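The primary structure of each chain is shown beneath.
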Amino acid sequence: MSVLVAESISVQAGETTIVEPLDLRVDAGECVAIIGESGSGKTMTARAIVGLLPRGVTATGTVRMADEVVTLPAAERVWSSLRGDRVALLVQDPFTSLSPVHRCGAQLAASLRAEDRRRGRARRGRAAMREEVIRRLAEVRLDARVARQYPHELSGGMRQRLAIAAALAADPQVLVADEPTTALDATVQGEVLDLLAALSAERGMGLLLISHDLGIVAGRAARVMVMSAGQVVESGPTESVLTRPEHPYTRRLLEASPSLHEVPERRMPDQGAPVAEMIDVVKSFGDRQVLHGVSIELYAGQTLALVGESGSGKSTLARVLAGLETAESGSLRLRGEPLPMGRAGRHAEQIQVVFQDPNSTLNPSFTVRRTLAEALGTARGHADGHRGAGRQDVDALLRSVDLDPALASRHPASLSGGQRQRVAIARAIAVSPEVLICDEMVSALDVSVQEQILTLLDRLRADLDLAVLFISHDLAVVSQVADRVAVMSEGRIVETGTTEQVIDYPRHEYTARLVESARSQSLIKE
């Protein structure tokens, strides 16, 4: 039985059509996936189906959920009567749907009370509500103690499970999950997706999964729709689409998807003395120790990947090395000489960092030209950086990261995510650093853009003889760029070795679990 049937759904922003008319169907207990890169129209399709399009964006077509038929566009009062028990939306970032100032149990109880009122049920007593909250937490594999905690005290995976419990409070017939695991580690990502699939089957609930990652739908979605530029270019049974793609776009997505099933052989660059060293570093936040005597070595022309789940300490390690955090004990060395903890006494050309989100580091009011000119000026010691670097210097820097110099007049907001990350890389290499730290620099990008950025990074490493620390939770990505891998767990390095050694022959049980989870999420390419 179909719990969701959408016909001739089209989405418009003013005079522009951003989703061409499409049809989709989701049966009870079935998972259907919509796959596509940023701008493909997949999220707008999902939001049209739940009546939550942004201001200025409208939709046409019809949506049928059980015995209810909605003709689009529809008034909010129509949607408010359907959202909850007919259809619910689960978003990528649970912080957008969870209150930071209320305990998790209280938030879940509020959702349950709202549904009781809507259905005209008698108000539950405190004990009965507490029992129901604990039951709902258990359903999403969360311990009863979570009810007493605040969202910020939970891991990313636990927060997403809580968001799932809140979305299911009204027992919807259809759950629309929009990129629900993009920011999670491979192990947690798999657990959350498996939980959603299990809940769909147990409840007889339809699941519409939106993602840019083809790998996560394999084995979970019965059918898949592939979208590009607002159109469905291919659809069918998931196994058929992933193993025998017919459309060139689908084939390109598959080819760009990183895979762990074949770790590329890399020629290890000649290894002299370390460029940078971290020796027995200890770091705490309050009474919580985050780094427990950590040591690493970085070599010129080599990429060391630091992998581990969220909370393992890898980003804290990077911030200590970059001087953005100060450790309690241990030491840092650059070219054999002591490197001060913290930013005092540091120079820009020693270490540079490229972060996951370039929006947090690029000044939105600066043009690309001004941003890069100031970086070049800093490298040359000019007091007024944006006047100290010429147009040709900026143009050459843009070309070095495969960007058209014509983009120099633009602001970050007018660039794509991949273009912004290239600008961030250009700014980092403008000062010719000895060490480049890349902290989850591709985790938010589509697979095809991700592949391009990784290729660029590998070329820059070789051309500039950089010592690169590449931080990631994605072993499939790591296998493409890293010469060596260090695995972190609970603030300790538990295993190091060449990329092939660590991925193909893991020695530590934690590493083996990471590899197993990553292999289950990556596609087998024939």
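Note that the structure is predicted; figures quoted are calculated from it, not measured.

About the cut-offs
- Residues numbered from 1 in each chain as written.
- Predicted model: local features only at pLDDT ≥ 70, side-chain atom pairs only at ≥ 80, totals over all residues.
- Heavy atoms only, no water.
- Salt bridge = Lys/Arg side-chain N within 4 Å of Asp/Glu carboxyl O.
- Buried < 20%, exposed > 50% of the residue type's maximum accessible area, 1.4 Å probe, protein only.
- Helix = DSSP H or I, 4+ residues; strand = E, 2+ residues; numbered from the N terminus.
- Phe/Tyr/Trp six-rings, centres within 6.5 Å; stacked < 30°, edge-to-face > 60°.
- Lys NZ or Arg CZ within 6 Å of the ring centre and 35° of its normal.
- Expected span 1.5 Å × (residues − 1).
- Axes fitted to C-alpha atoms, helices over the stretch in contact; angles between N-to-C directions.
- Parallel < 35°, antiparallel > 145°, perpendicular 65-115°, else oblique.
- Left-handed = near helix turned anticlockwise from the far one by under 90°.
- Contact = heavy atoms within 4.5 Å.
- Nonpolar A, V, L, I, M, F, W, Y, C, P; charged D, E, K, R; others polar.
- Pairing = 2+ DSSP bridges.
- Polar contact = N/O pair within 3.5 Å; in protein donor to acceptor, adjacent residues only side chain to side chain.
- pLDDT = per-residue confidence, 0-100.
- Right-handed = clockwise from strand over helix to strand, strands pointing away.

1. A short note on the pattern of salt bridges
(1) Moving on: With the rule as written, the count across this model stands at 35 salt bridges.
(2) Moving on: For Asp85, the salt bridge goes to Arg86, with nearest N and O atoms at 3.6 Å. In terms of burial, Asp85 and Arg86 fall into one category: buried.
(3) Moving on: Arg507 serves as the salt-bridge partner of Glu495, at 3.8 Å between the closest nitrogen and oxygen. Highlighted residues: Glu495 in strand S20 (residues 492–498) and Arg507 in the loop between helix H17 (499–504) and helix H18 (509–521), separated in sequence by 12 residues.
(4) Moving on: Judged by its relative accessible area of 59%, Arg507 is exposed.
(5) Moving on: Members of the salt-bridge network, linked through shared partners, are Asp116, Arg121, Arg124, Glu132, Arg135, Arg136, Glu139, Asp171 and Arg203.

2. Focus: the packing of aromatic side chains
(1) Moving on: What the rule picks out here adds up to 0 aromatic pairs.
(2) Moving on: Above the face of the Phe366 ring, Arg370 is positioned so that its terminal group lies 3.8 Å from the ring centre.

3. Description of helix H15 (residues 447–464)
(1) Moving on: Here H15 contains 18 residues, and its C-alpha end-to-end distance of 25 Å stays within 8% of the 26 Å for a straight helix at 1.5 Å per residue.
(2) Moving on: Among the residues making up H15, those that are buried are Val447, Ser448, Gln450, Ile453, Leu454, Leu456, Leu457, Leu460 and Arg461.
(3) Moving on: Where H15 ends, the next residue or the one after it, Asp465, has phi of about 55°, a positive value.

4. Quick look at the packing of helix H14 (residues 417–429) against H15
The relative placement of two packed helices is expressed as an angle between their axes plus a distance between the axes.
(1) Moving on: One can describe the packing of H14 onto H15 by two numbers: an axis separation of 11 Å at closest approach and a directional angle of 15°. Overall, the two elements H14 and H15 adopt an arrangement that is roughly parallel. Pair H14 / H15 crosses with right-handed handedness. Residue-level contacts link Gly418, Arg422, Ile425 and Ile429 of H14 to Val449, Gln452, Ile453, Leu456, Leu460 and Leu464 of H15.
(2) Moving on: Grouping the amino acids of the contact of H14 with H15 by side-chain chemistry returns 7 nonpolar, 2 polar and 1 charged.

5. Things to note about the packing of helix H3 (residues 104–118) against helix H4 (residues 126–139)
(1) Moving on: At their nearest, the axes of H3 and H4 sit 10 Å apart, and the two run at 110° to each other. Our classification of the angle between H3 and H4 gives roughly perpendicular. Contacts between H3 and H4 pair Gly105, Leu108, Ala109, Leu112, Arg113 and Asp116 from the former with Met129, Glu132, Val133, Arg136 and Leu137 from the latter.
(2) Moving on: In terms of residue class, the contact of H3 with H4 is built from 6 nonpolar, 1 polar and 4 charged.

6. Details of the side chain of Thr316
(1) Moving on: Counting through the fold element by element, Thr316 comes out in helix H10 (residues 314–322).
(2) Moving on: Its relative accessible area of 13% is what places Thr316 among the buried residues.
(3) Moving on: Residues within four places of Thr316 in sequence aside, it is in contact with Lys283, Phe285, Val290 and Leu291.

7. What about the sheet that holds strand S13 (residues 303–307)?
(1) Moving on: Strand order in the open sheet formed by 6 strands is S16-S17-S18-S13-S19-S20, with mixed pairing between adjacent strands. Every interior strand has two partners, whereas the edge strands, strand S16 (351–354) and S20, have only one. Within the sheet, the average angular offset between the axes of one strand and its neighbour, ignoring direction, is 20°.
(2) Moving on: Bridge analysis of strand S19 (residues 484–489) against S20 gives 6 bridges, and the strand direction is antiparallel.

8. Focus: the side chain of Gln350
(1) Moving on: Residue placement: Gln350 occurs in the loop between strand S15 (337–339) and S16.
(2) Moving on: For Gln350, the side chain forms a polar contact with the main-chain nitrogen of His347, separated by 2.9 Å.
(3) Moving on: Non-local contacts of Gln350, meaning those with residues more than four positions away in its chain, are made with Leu334, Leu339, Pro433, Glu434 and Val435.

9. What to know about the confidence of the model for the chain
(1) Moving on: Here the chain averages 89 in pLDDT, and 95% of its residues register 70 or above.
(2) Moving on: Within the model, the stretch residues 382–388 combines pLDDT values under 50 with 9 contacts to residues more than four positions away or in other chains.

10. Concerning the pairing of strand S18 (residues 467–472)
(1) Moving on: Here S18 lies mainly inside the structure; 6 of its 6 residues are buried.
(2) Moving on: Burial along S18 is two-sided: Ala467, Leu469 and Ile471 and Val468, Phe470 and Ser472, pointing in opposite directions, are all buried.
(3) Moving on: Here S13 runs beside S18; their pairing, made up of 5 bridges, is parallel. Residue pairing across strands places Leu304 opposite Leu469, the latter belonging to S18.
(4) Moving on: As paired strands, strand S17 (residues 435–439) and S18 are joined by 5 bridges and run parallel to one another. Pairing of Val435 across the sheet is with Ala467, part of S18.
(5) Moving on: One crossover worth recording links S17 to the parallel S18 by way of H15, and it is right-handed.

11. Structural notes on the pairing of strand S5 (residues 68–72)
(1) Moving on: As judged from the 5 bridges shared by strand S4 (residues 57–65) and S5, these two strands associate in the antiparallel manner. From the neighbouring strand, Met65 faces S5, where its bridge partner is Glu68.
(2) Moving on: Two successive antiparallel strands, S4 and S5, enclose a turn made up of 2 residues, where Ala66 displays a positive phi of approximately 55°.

12. Let's talk about the sheet that holds strand S6 (residues 87–90)
(1) Moving on: The strand order S6-S7-S8-S3-S9-S10 describes an open sheet built from 6 strands, whose pairing is mixed. Each edge of the open sheet is held by one strand with a lone partner, namely S6 and strand S10 (231–237). Within this sheet the neighbouring strands show an average axis-to-axis angle of 15°, counted without direction.
(2) Moving on: Relative to strand S8 (residues 206–211), helix H1 (residues 42–50) is tilted by about 150°, and along the sheet it contacts strand S3 (31–35), S6, strand S7 (174–178), S8 and strand S9 (223–228).

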